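Understanding the architecture of this molecule
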Amino acid sequence: MHSFSEIFTPEFVSVILLPALIAGVAVSLCASLLGVSLVLKRCSMIGDGLSHVGYGTLCIAVALGWAPMQFTIPIVIIAAYILLRLSENSSLGGDTAIALFSTSALALGILVSSKANLTTDVSHYMFGSILAMTRSDVIFSVILSICVIAVYILFYDKIFAVTFDENFAKATGLNVRFYNLLIAVLTAVTVVLGMMLMGALLISSLMIFPAVTAMRLCKRFRSVIVAAFLISIGCFLIGLFLSLCMDTAVGASVIIVNLAVFIIANLVSGFKKSK
């Protein structure tokens with residue numbers, strides 16, 4: 001346990017904590033927006049699959065001395081497209097295709113990192129290390145987060161239609177395949193950005209927990225999105241503060257807070273229904 005004065009020194013706040021807060025809030029917002037669509041479309045496992053692909057790609061980038069984030073994002077976007085096509089056309093089924101594709105990429109990443117003796121160098125991509133983010137990492141994350149949010153807002157009506165009823169959207173002439181791909185691409189970008197925050201093992205939880213919690217409390221799509229955003233940001237801030245005070249991993253602390261809020265939301269929802 002650490003006291004408030006031991007942690008929140010001016011140097012620590014300005015150099016480490018403030019950049020982490022900015023990047024964390026930006027990525028949490030993206031994750032909450034896309035999480036709602038993924039849960040409603042029953043595609044929540046795609047985030048987990050893409051995070052494994054991202055980890056494998058990051059390991060290869062580090063081993064080759066390339067810029068990890070800049071190299072990984074386009075590869076994970078391509079992976080999102082492949083997974084989407086496999087889910088649509090493969091006889092394997094969506095969940096099976098995601099499992100085979102993602103575990104293969106994860107195994108490749110582990111193999112490369114072990115052969116190149118990079119286990120320590122890439123561990124923060126597996127478990128998350130938001131306080132270790134550099135200034136360039138933060139700027140890169142914020143810029144791409146703004147782009148993700150802007151695209152989501154721009155195509156909000158179309159994403160809403162595809163999320164709730166693909167058949168009706170297709171009947172109205174909407175290019176359903178394109179907007180499904182758009183959701184997958186935005187998810188891919190968010191997953192890669194979130195790997196520094198939560199790690200490959202937990203980033204999908206950052207997308208799913210706020211969404212399912214918000215759905216316990218709200219019914220309308222827009223209100224669910226707003227609630228998911230507020231829950232995501234609130235849980236991130238509380239989790240970050242607790243991790244600093246209790247000297248625990250930031251990503252795990254954030255998810256535990258999300259779990260607690262989800263349980264409370266379930267209790268509240270059950271109490272309302274019983275009245």
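These lines cover the structure that appears in this document, whether it is placed above or below. (Residues numbered from 1 in each chain as written. Predicted model: local features only at pLDDT ≥ 70, side-chain atom pairs only at ≥ 80, totals over all residues. Heavy atoms only, no water.)

1. Here we look at the overall build of the chain
Summing up its helical and strand segments, the chain has 13 helices and zero strands in all. Relative to its length of 275 residues, the chain is compact, with a C-alpha radius of gyration of 19 Å against a globular reference of 19 Å. Counting only C-alpha atoms, the chain reaches 60 × 55 × 30 Å along its principal axes. If you take every contact in the chain between residues at least 6 apart in sequence, the share linking residues at least 24 apart comes to 76%. (Helix = DSSP H or I, 4+ residues; strand = E, 2+ residues; numbered from the N terminus. Rg over C-alpha atoms; globule rule 2.2 N^0.38 Å. Contact = heavy atoms within 4.5 Å.)

2. Concerning unusual backbone geometry
With a phi angle near 55°, R42 is a residue other than glycine that sits in the positive phi range. Notably, D247 is not glycine yet its phi reads approximately 55°, a positive angle. One can find D247 in the loop between helix 12 (221-246) and helix 13 (250-274).

3. A few points about helix 3 (residues 45-64)
Taking 1.5 Å of rise per residue, the 20 residues of helix 3 would be expected to cover 28 Å, and the 29 Å separating its terminal C-alpha atoms lies within 8% of that figure. Among the residues trailing helix 3, G65 stands out with phi positive, at a value near 80°. (Expected span 1.5 Å × (residues − 1).)

4. Things to note about the side chain of S37
Here S37 is to be found in helix 2 (residues 10-40). Residues within four places of S37 in sequence aside, it is in contact with Y152, I159, T163 and F221.

5. Comments concerning the nonpolar core
In terms of nonpolar packing, the biggest core is built from 83 residues, with V36, L50, Y55 and Y152 touching the most fellow members. If we skip the residues at most four places from it in the chain, V36 touches A211, M215, F221, V224, I225 and A228. (Core = buried A, V, L, I, M, F, W, Y, C linked by side-chain atoms within 4.5 Å. Buried < 20%, exposed > 50% of the residue type's maximum accessible area, 1.4 Å probe, protein only.)

6. Notes on the packing of aromatic side chains
For any pair of aromatic rings, geometry is given as the distance between the ring centres together with the angle between the planes. According to the stated counting rule, one finds eight aromatic pairs in the structure shown. When the ring of Y156 is compared with that of F221, the centres are 5.8 Å apart and the planes differ by 40°; the resulting orientation is tilted. In this pair, Y156 sits in helix 8 (residues 156-164) while F221 sits in helix 12, placing the two residues 65 residues apart along the sequence. Like F221, Y156 is buried. A ring pair is formed by F178 and Y179, whose centres lie 4.9 Å apart and whose planes are at 80°; its orientation type is edge-to-face. A residue is classified by how much of its surface remains accessible, and F178, at 39% relative accessible area, is partly exposed. For Y179, a relative accessible area of 10% translates into the label buried. Among the aromatic residues, ring-to-ring pairing joins Y156, F160, F164 and F221 into one connected group. (Phe/Tyr/Trp six-rings, centres within 6.5 Å; stacked < 30°, edge-to-face > 60°.)

The analysis is restricted to geometry; functional conclusions fall outside its scope.
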